[in-house]
Amino acid sequence: MTNTKILISGASIAGPALAHWLTRYGYTVTVVERAPAPRPGGQAVDVRGPALDVAERMGILDTLRAHGTGMRGMSVVDADGTEIYRTEDRTVSGGDLDSPDVEILRDDLARIITEATSGEVEYLFGDSIAALEQDADEVRVVFESGLERTFDLVVGADGLHSNTRRLVFGPTERFIRDLGISMAVCTVPNFLGLDHWQVMHQMPGGGMRGAMVMSARGNTEARAYLMFDTPEPVDYDRRDVEGQKEIVARALAGDSWEMPRLVEYARAAADFHLDSAAQIHLDSWSRGRVVLLGDAGYCGSPMSGQGSSMALIGAYVLAGELAAAGGDHRAAFAAYEKELRDYTRANQEMAVVNLRERRAQAGQAEDASAAAEILVETGVDEFTQVVASYSVKDY
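If you check an unreviewed UniProt entry, the protein chain appears there as FAD-dependent monooxygenase from Amycolatopsis thermalba.

Given below as structure tokens:
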């Protein structure tokens, strides 16, 4: 076996999942993460379809189920807080409640996977790749801390705004496709007294401006999603969190429902995160000894509902193909992309089509109740078909 020393950039979900599989196959793995510790907060994410098979093969599926959100259903309310739509069949965040899928908080999923690699993987928190140079034999990496090391391969699993992708493939602007929505997520008190329930509200005036609040961690807290249309990408400093909070406050100004209180909770949140709903499209997921994984290579946006599942599946396939190729990265990277390219494309297309249909149909709805039903129910059958259209193979 060759190319056994691997650096992974990113310690959210895709990175630690890949580290798990690589160490199982006998590779030596280092994971570098810019944050000083595992990142708290984030939205509820879903482990679906073939990703459930991956989680079971990792030996963490029962743990994921034990930490699931346990949602019982959802409501949509109008500007006065009057319920205009209710269902116990599905939720806007997790989909069909009768399915075997697991909805779990992003930070819980990341923690479970990271703990599964404890003692086997070197984690470098509070650091990042500043520069890298590769040749036929290795990749020389300079970290922001000043540390210099060499690796056989480098994997960018560092998300939508991947630093690895920028260094090797070029500026993000060349590969990103914005879908016209921005969303902030943060932890707030369970001020609505929700019991394994979520409530959604769209502000008057059309568009996707509004919020969703769901109870979390046994109803002891809640996660808030604050959404608004951004026909043109919002220009902001990604490290200026206070400035981002002001952007959200301006976009969601108004007395509709509980929006003023949610905006104030967002201002005070320690785990506030804002980003656009966007996709990444690349002609190739690898350059030489560097390869991209998950959102860094093929982000489908939160509108796809498949980001975490694709991270788990991608990690399983990439590690499996490396093992199958005996570490031959050229063969492995090509096989990894061939295996998943069509599935990732289908998920990206589904997100775009469903968002377009929601906007078009909601604008033609007879009343607020009909518009709410369209928002929740549109694209359900198509989504199920896409998720089930891939099966993981054995390695």
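(A) Highlighting the sheet that holds strand β16 (residues 210–216). The seven strands are arranged β5-β4-β15-β16-β17-β14-β18 in an open sheet whose pairing can be described as mixed. The outermost strands of the open sheet, each flanked by one partner alone, are β5 (83–87) and β18 (273–280). Ignoring strand direction, the axes of neighbouring strands in this sheet form an average angle of 20 degrees. Pairing analysis gives seven bridges linking strand β14 (residues 176–188) to β18, with the strands arranged antiparallel. Looking at the pairing, isoleucine 176 lines up with isoleucine 280 of β18. Strand contacts of helix α6 (residues 241–251): β14, β17 (221–229) and β18, with the helix running at about 70 degrees to β17, the strand carrying the most contacts.

(B) Representation of the packing of helix α2 (residues 50–58) against helix α9 (residues 307–324). At a closest axis distance of 9 Å, the pairing of α2 and α9 adopts a crossing angle of 55 degrees. Relative to α9, the element α2 is oriented oblique. Handedness of the α2/α9 crossing: left-handed. Across from Pro50, Ala51, Val54, Arg57 and Met58 in α2, the residues of α9 making contact are Ser309, Leu312, Ile313 and Tyr316. Grouping the constituent residues of the contact of α2 with α9 by class yields seven nonpolar, one polar and one charged.

(C) The pairing of strand β13 (residues 153–156), seen in detail. Both faces of β13 are covered, namely the face carrying Leu153 and Val155 and the face carrying Val154 and Gly156. Pairing of β13 with strand β20 (residues 290–292), which is carried by three bridges, proceeds in the parallel orientation. Among the inter-strand pairings, valine 154 is bridged to a residue of β20, identified as valine 290.

(D) Seen up close, the pairing of strand β2 (residues 28–33). Counting buried residues along β2, five of its six residues qualify, which places the element largely inside the surrounding structure. Pairing analysis gives five bridges linking strand β1 (residues 5–9) to β2, with the strands arranged parallel. Of the residues in β2, the one forming a bridge with leucine 7 is threonine 30. As a crossover connection, the stretch from β1 through helix α1 (residues 14–24) into β2 is right-handed.

(E) Spotlight on the pattern of salt bridges. The final tally for this structure, using the stated rule, is 25 salt bridges. Across the pair aspartate 107 and arginine 223 runs a salt bridge whose closest N-O atoms are separated by 3.1 Å. A residue pair is termed long-range when its members are at least 10 positions apart, and aspartate 107 in helix α4 (residues 106–116) and arginine 223 in strand β17 qualify at 116 residues. According to the relative accessible area criterion, arginine 223 is buried, its value standing at 1%. The partner of arginine 261 in a salt bridge is glutamate 258, and the shortest N-O contact between them spans 3.2 Å.

Reading guide: rules and limits
Residues numbered from 1 in each chain as written. Predicted model: local features only at pLDDT ≥ 70, side-chain atom pairs only at ≥ 80, totals over all residues. Heavy atoms only, no water. Pairing = 2+ DSSP bridges. Helix = DSSP H or I, 4+ residues; strand = E, 2+ residues; numbered from the N terminus. Axes fitted to C-alpha atoms, helices over the stretch in contact; angles between N-to-C directions. Contact = heavy atoms within 4.5 Å. Parallel < 35°, antiparallel > 145°, perpendicular 65-115°, else oblique. Left-handed = near helix turned anticlockwise from the far one by under 90°. Nonpolar A, V, L, I, M, F, W, Y, C, P; charged D, E, K, R; others polar. Buried < 20%, exposed > 50% of the residue type's maximum accessible area, 1.4 Å probe, protein only. Right-handed = clockwise from strand over helix to strand, strands pointing away. Salt bridge = Lys/Arg side-chain N within 4 Å of Asp/Glu carboxyl O.

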